Amino acid sequence: MGNYFTVNMEENFKRNQDFITEMNTIKIERQVQIRKQMRDRLVALEIAKARELFFWYGSFYLMSLAGALVGYRYFPYKGKFITLLPMVPLTFVVAYQADLAYGNKIHRILVEAEHIMQFEQELLALPLGIPTAASIDLGRMKRDESKKLHPLLPQT
């Protein structure tokens, strides 16, 4: 009877261990999915902001172009091409924003980010390395100690 109880305990332990492993796997998969969805939403928000900003830049550009053309048409002396000169940098600004909002600039940025992640890992290093549980606990203990020593000071 004692042998049966030991075997049954081992089977239960094995089943519990498998169950915990499966639950941890599901938990990690959910966290990854949540982070991916949040990233997708943030990227979509940034693209939408770029498109909205493009409408404002485009409107400003068209109004400036109209003003420059009117100035060019009615400027009294020979150097009237100078009225069109401000349109050169504005053209670059609007073209950049149009590429970001509707072109393939996002794709080029992603390709460059992948290149950095593959071949330039040293640029991604965190200052003082990756935080550890010990460094987090140490910071928490310092904050608690500071709170005890100086209770009226605001905590950072």
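For the structure itself, consult the block above.
All figures in this text were calculated on a predicted structure; none of them were measured in a lab.

So what exactly am I meant to see when it comes to the packing of helix α2 (residues 87-102) against helix α3 (residues 105-119) here?
Packing of α2 against α3 brings their axes to within 6 Å, and their N-to-C directions diverge by 80°. Judged by the angle between their axes, α2 and α3 are roughly perpendicular. On the side of α2, the interface is formed by Y96, D99 and L100, while α3 contributes K105, I106, R108 and I109. Considering only residue class, the contact of α2 with α3 consists of four nonpolar, no polar and three charged.

What should I look at first to understand the nonpolar core in this one?
Note that soluble globular proteins tend to have their nonpolar side chains buried in a common cluster. Counting nine residues, the largest nonpolar core consists of A50, F54, Y61, A68, M87, L90, V94, L100 and A101. Among residues more than four places away in sequence, those in contact with V94 are F54, Y57 and Y61.

Is there a simple way to explain α2 in this structure?
In an α-helix there are 3.6 residues to a turn, and that puts residues three or four apart on one side. With 16 residues, α2 ought to run about 22 Å at 1.5 Å a step, and its terminal C-alpha atoms sit 21 Å apart, in line with that. Taken as a whole, α2 has its buried residues at M87, L90, V94, Q97, L100 and A101. All buried residues of α2 fall inside an arc of 155° around its axis, so they share one side.

What counts, and at which threshold
- Counting starts from 1 at the beginning of each chain's written sequence and moves along it residue by residue.
- In keeping with the predicted nature of the model, local features appear solely for residues at pLDDT of at least 70, side-chain atom pairs appear and are counted solely at 80 or more, and the whole-chain, interface and lining totals rest on all residues.
- Hydrogens and water are ignored here; the side-chain numbers use all heavy atoms of the structure.
- To get an axis, fit a line to the C-alpha atoms, keeping to the stretch in contact for a helix; angles then go from 0 to 180 degrees between the N-to-C directions.
- Labels follow the DSSP assignment, with helices taken as runs of H or I lasting at least four residues and strands as runs of E lasting at least two, numbered in each case from the N terminus.
- Angles below 35 degrees are treated as roughly parallel, those above 145 as roughly antiparallel, those between 65 and 115 as roughly perpendicular, and all remaining angles as oblique.
- Residue contacts follow a heavy-atom distance rule, with two residues in contact if any of their heavy atoms lie within 4.5 Å.
- When residues are grouped by polarity, Ala, Val, Leu, Ile, Met, Phe, Trp, Tyr, Cys and Pro land in nonpolar, Asp, Glu, Lys and Arg in charged, and all others, Gly among them, in polar.
- Residues belong to one nonpolar core when they are buried, are Ala, Val, Leu, Ile, Met, Phe, Trp, Tyr or Cys, and are joined through side-chain atoms within 4.5 Å.
- Only protein chains enter the accessibility calculation, which uses a 1.4 Å probe. A residue is then buried if its area is under 20% of the maximum for its type, exposed if over 50%, and partly exposed in between.
- Take the number of residues in a helix, subtract one, and multiply by 1.5 Å to get its expected span.
- Think of the arc as the fan of directions from the helix axis to the C-beta atoms.

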